[in-house]
Amino acid sequence: MMISRRGTLRLAAVATAAAIVPRTSFAAAPSTTRVRIGVLKFGTVSWALDTLKHHKFDIANGIDLEVVDFAGEDATNVALLAGAIDMIVSDWLWVSRQRSEGVDLTLAPYSTAVGAIMVKEGAPIRTITDLRGKKLGVAGGPLDKSWLLIQALARRDHGLDLAATSDVVFGAPPLVSEKGMQGELDAVLNFWHFCARLEANGFRRLIGAEAAAKALGASGAVSALGYVFHDKWAKEHPDAIRGFIKASAQSKDLLARSDDEWLRLAPVIRAQGEELAKLRDRYREGIPRRPVAEDAADAGKLYRVLAEIGGEKLVGRAPEMAPGTFWQELPQ
């Protein structure tokens, strides 16, 4: 859903109503600045934020992070636009569209983890061309970035229109995975964490969106999601935004090197054993590790590919990614 400023005030009440009481509400230390971040209650972002709060990385960096849970992504978007929170996690396509419409949003990379097409280990499907005539479940809808990138690659390299030659069924991520497990779908394209769970349960990757992105011109792994905030807010609170970025980096560093931290998070993640290990490994692969300028340059290349196949419904009328979509003041 693309939200304009015109609709912000009309929907602000909905966003406020959708918000759940902050998870923790301790009095902030006198030397800290309160930063409010809106997240989906059961989203993967919660894992890093739980680590950040548990180890008090926020307090160590001069901020007091207030995590506000929301029931849906649209509600977090509206709350940010309405000024009810300071930050959310979203994708650079949405940020670019907002900037092209005059909203001063910007993004600091959070994760490069993206979806993939998964098939059962013993399935005869070995290449993307084998999807012709097969029943394919797709999570995220027809404008999902991973779906568009894989379609673009199939068209360019194989002359294959997946949307036309496969029996495509769109559905919610849990349902798509469940139908794949039950054998009602020949292949499934799902979000990265659902793919990791499938890997632990007898599935293999046919092709990932990251591989498609690199084949289409990206020089490295591109951040699919980022911490999104207003330019104005960052300029008015430079210590707060930099403190948050440092605290986030410390939590990711701990998740990258400590298996014990993943065991502590197991009840939050709702996984154990091989499933927890797969989620841990795929999460670690998705931690951004290159300069933001390289990320932004590759995102600009992919924007043109996505704009061509997704059209105005995806990107609006802007032919190029809006300048400033990626926050260039990110501490290195």
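Structure report, in brief. (Residues numbered from 1 in each chain as written. Predicted model: local features only at pLDDT ≥ 70, side-chain atom pairs only at ≥ 80, totals over all residues. Heavy atoms only, no water.)

## Brief notes about the packing of helix α9 (residues 192-199) against helix α14 (residues 273-285)
Here is step 1 of the chain: Packing of α9 against α14 leaves a shortest axis separation of 8 Å and a crossing angle of 140°. Accordingly, the angle class assigned to the pair α9 and α14 is oblique. Relative to α14, the crossing made by α9 is right-handed. The residues of α14 that touch α9, namely those facing Trp192, His193, Ala196, Arg197 and Glu199, are Glu275, Lys278, Leu279, Arg282 and Tyr283.
Here is step 2 of the chain: A per-class count over the contact of α9 with α14 returns 4 nonpolar, 1 polar and 5 charged. (Axes fitted to C-alpha atoms, helices over the stretch in contact; angles between N-to-C directions. Helix = DSSP H or I, 4+ residues; strand = E, 2+ residues; numbered from the N terminus. Parallel < 35°, antiparallel > 145°, perpendicular 65-115°, else oblique. Left-handed = near helix turned anticlockwise from the far one by under 90°. Contact = heavy atoms within 4.5 Å. Nonpolar A, V, L, I, M, F, W, Y, C, P; charged D, E, K, R; others polar.)

## Points about the side chain of serine 258
Here is step 1 of the chain: When you line up the elements, serine 258 lands in the loop between α12 (238-257) and α13 (259-269).
Here is step 2 of the chain: Looking at serine 258, its side chain comes within polar contact range of the main-chain nitrogen of glutamate 261, at 3.0 Å. (Polar contact = N/O pair within 3.5 Å; in protein donor to acceptor, adjacent residues only side chain to side chain.)

## What about the packing of aromatic side chains?
Here is step 1 of the chain: Throughout the structure, instances matching the rule amount to 9 aromatic pairs.
Here is step 2 of the chain: Here the aromatic rings of tryptophan 192 and tyrosine 283 are separated by 6.3 Å at their centres, their planes lie at 55°, and the arrangement is tilted. Here the residue tryptophan 192 occupies a position in helix α9, and tyrosine 283 occupies one in helix α14, the gap between them amounting to 91 residues. Taken individually, tryptophan 192 and tyrosine 283 each receive the classification buried, so the pair is uniform in this respect.
Here is step 3 of the chain: Each ring, one from tyrosine 227 and one from phenylalanine 244, has its centre 4.7 Å from the other, and the planes form 85°; the classification is edge-to-face. Here tyrosine 227 is found in strand β10 (residues 225-230), whereas its partner phenylalanine 244 is found in helix α12, with 17 residues between them in sequence.
Here is step 4 of the chain: Residue class for tyrosine 227 comes out buried when judged on its relative accessible area of 1%.
Here is step 5 of the chain: According to the relative accessible area criterion, phenylalanine 244 is buried, its value standing at 0%.
Here is step 6 of the chain: Taken together through their ring pairs, the aromatic side chains of Trp47, Trp192, Trp262 and Tyr283 make up a single cluster. (Phe/Tyr/Trp six-rings, centres within 6.5 Å; stacked < 30°, edge-to-face > 60°. Buried < 20%, exposed > 50% of the residue type's maximum accessible area, 1.4 Å probe, protein only.)

## Here's the deal with unusual backbone geometry
Here is step 1 of the chain: Within the chain, lysine 56 stands out as a residue other than glycine whose phi angle is a positive 55°.
Here is step 2 of the chain: Within the secondary structure, lysine 56 sits in the loop between α2 (45-54) and α3 (57-60).
Here is step 3 of the chain: With relative accessibility at 55%, the residue lysine 56 sits in the exposed group.
Here is step 4 of the chain: The phi dihedral of arginine 270 falls on the positive side, at around 65°, and the residue is not glycine.
Here is step 5 of the chain: Of note, arginine 270 is situated in the loop between α13 and α14.

## Remarks on the sheet that holds β10
Here is step 1 of the chain: Strand order in the open sheet formed by 5 strands is β2-β1-β3-β10-β4, and the pairing between neighbours is mixed. Single-partner strands in this sheet number two, and they are β2 (63-70) and β4 (105-111). If you compare each strand with its neighbour and ignore which way they point, the axes differ by 35° on average.
Here is step 2 of the chain: Where β4 and β10 come together, 6 bridges link them in antiparallel fashion. Note that in β10 the partner of leucine 105 across the bridge is histidine 230.
Here is step 3 of the chain: Sheet contacts for helix α5 (residues 92-100): β3 (87-91), β4 and β10; angle to β4, the most-contacted strand, approximately 175°. (Pairing = 2+ DSSP bridges.)

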